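Chain and residue survey
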Amino acid sequence: MAMVVGNTDVLTGLFNMKGLKQNYGSYLSKNKNCSVIAFDFAKLKYINDNYGHAVGDSCLSNFGEVLKQNFYGDISVRRSGDEFIVVTSKSPDEIEKALNGCISDIALFYELGDIQVKYSFNAGIVEASHGIDQTLEKADIIMYSAKKSGKLYEFYSDEVYNAAKKEERYLEAVGNSVKDKSFNLEGQDIFKVNGEEANLTLLYTRNKDGKTIFDGNNLELLRKNYLLKKIDLLNLQKLFVLSSTLDGKLMINVHNQTLLNREFDFLEYISNILRKQNFNPEDIILSININVIDGDIKKLIEQIDVLRSFGFKICLDSFNFNGGSYVPMIWNMVGIDYIKFDDGYWKIAMNDKKVDNALKHTTESYLEYGTVPIFSKVETDNERTYVASLDPKCLVYGRIYAREYQIKNNS
């Protein structure tokens, strides 16, 4: 492929964006039914952090070679650090074969020792139009949809595009709320099963309209886009101020992604807060979401142990019997004060004797060692009676006793 210096990416030998824009129109005029493929090179930061930038550059250079081999005669471009583009006249079937060929070649290069890491990528494929910017916008959205759903590649469809645009608008709204700090906290009291107050308030994140930002799959979407840390830190800032103005203990959700974030020392942040502000950490319960662990579980356990040494109480959110729960492992290795039982699990136990027996045994075991089970979304008197039958020391929250309420003066 003939290239001049100003149009070429030095590391990979592919066109750069200037080269793409100079050649895009003429390529489309010479070829029919062209497609644009947006590539995202997977985990470049991980490779750079763990193997060094020289290894990362070697993989990027290798990927340039892989693209040239599998899309020979097409326009291959290094767009930026870990983003690549291909403009091709191949049919959809030929594109699929070429993308699978890329994966095979990467594996071969790894086996031959030409690269130290067997990397991967995600790709979004759209029909090429004469507006390159609009085409790339669509390709990017389809590529990120493929990445989010764990697919190697995805072809454009209105359904996928519209769903991705909806997610994009949601993430933008959350990002703006983080930027202007417009999230609020709402509280819900936790009760003993007999209706007595437990002197414990569970705090929730709500947007400026008073609505949750975690409906449906939004928690997973925020997790994959690394927004949870920012939300958690904003909430903690408010919590530490609130703790001196509200009675009783306060529980707030913190995702394990926040504790395990590589770019932010959570424990150092907490240490600084403890030095600067006047509050009792024993009045605060950190409810750590561990449904999906974003890092080394041993490090998470160490973080929890240090937080308890600071005086904080710890709750694990949430327990179920889906075979993938991290609760038993963490509970066996470090002191835990509370465990939330997922309503999708414990409500099944009401009508399933086998699950009921397992839940009773688990509840007894936790209470024996000083860990208090908390049952979420208890809505009816029958559900409250069932939880009470497990053990009267259990705690509950839901509409059976109280609804959420706005926390005042939480700025």
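Above this text is the structure in question.
In what follows, the accompanying structure is described. (Residues numbered from 1 in each chain as written. Predicted model: local features only at pLDDT ≥ 70, side-chain atom pairs only at ≥ 80, totals over all residues. Heavy atoms only, no water.)

With respect to the overall build of the protein
Helix and strand counts for the protein come out as 15 helices and 14 strands. Classification of the 411 residues of the protein by burial places 50% in the buried group. Partitioning the contacts of the protein with sequence separation of at least 6, the portion at a separation of at least 24 is 68%. Accessible surface, the protein: about 20400 Å² in total, of which carbon and sulfur atoms supply 47%. Side chains of the protein give 49 positive and 56 negative charges; the mean places of these two sets differ by 3 Å. (Helix = DSSP H or I, 4+ residues; strand = E, 2+ residues; numbered from the N terminus. Buried < 20%, exposed > 50% of the residue type's maximum accessible area, 1.4 Å probe, protein only. Contact = heavy atoms within 4.5 Å. Areas by Shrake-Rupley, 256 points an atom, 1.4 Å probe, with all protein chains shown as cover. Lys, Arg positive; Asp, Glu negative; His and termini not counted. Charge placed at Lys NZ, Arg CZ, Asp CG, Glu CD.)

Digging into the side chain of Gln303
Checked against the element boundaries, Gln303 lands in helix 11 (residues 297-310). Other than its neighbours up to four places away in sequence, Gln303 contacts Leu259 and Leu267.

Things to note about the packing of helix 5 (residues 132-148) against helix 6 (residues 158-180)
At a closest axis distance of 9 Å, the pairing of helix 5 and helix 6 adopts a crossing angle of 85°. If you check the angle between helix 5 and helix 6, you find them roughly perpendicular. Across the interface between the two elements, Glu137, Lys138, Ile141, Ile142, Ser145 and Lys148 of helix 5 pack against Val160, Tyr161, Ala164, Lys165, Glu167 and Glu168 of helix 6. Partitioning the contact of helix 5 with helix 6 into residue classes produces five nonpolar, one polar and six charged. (Axes fitted to C-alpha atoms, helices over the stretch in contact; angles between N-to-C directions. Parallel < 35°, antiparallel > 145°, perpendicular 65-115°, else oblique. Nonpolar A, V, L, I, M, F, W, Y, C, P; charged D, E, K, R; others polar.)

Section: the nonpolar core
Leu236, Ile330 and Phe375 are the most contacted members of the largest nonpolar core, which totals 56 residues. Those residues in contact with Leu236 that lie beyond four places of it in its chain are Ile252, Val254, Phe266, Tyr269 and Leu286. Ranked by size, the runner-up nonpolar core spans 28 residues in total, among them Leu14, Phe41, Ala98 and Phe109. (Core = buried A, V, L, I, M, F, W, Y, C linked by side-chain atoms within 4.5 Å.)

A word on the environment of Asn194
Here Asn194 lies in the loop between strand 6 (184-192) and strand 7 (197-206). Sequence separation between Asn194 and Val126 is 68 residues; the distance between their C-alpha atoms is 59 Å. A distance of 3.0 Å separates the side chain of Asn194 from the backbone nitrogen of Glu196, its partner in a polar contact. (Polar contact = N/O pair within 3.5 Å; in protein donor to acceptor, adjacent residues only side chain to side chain.)

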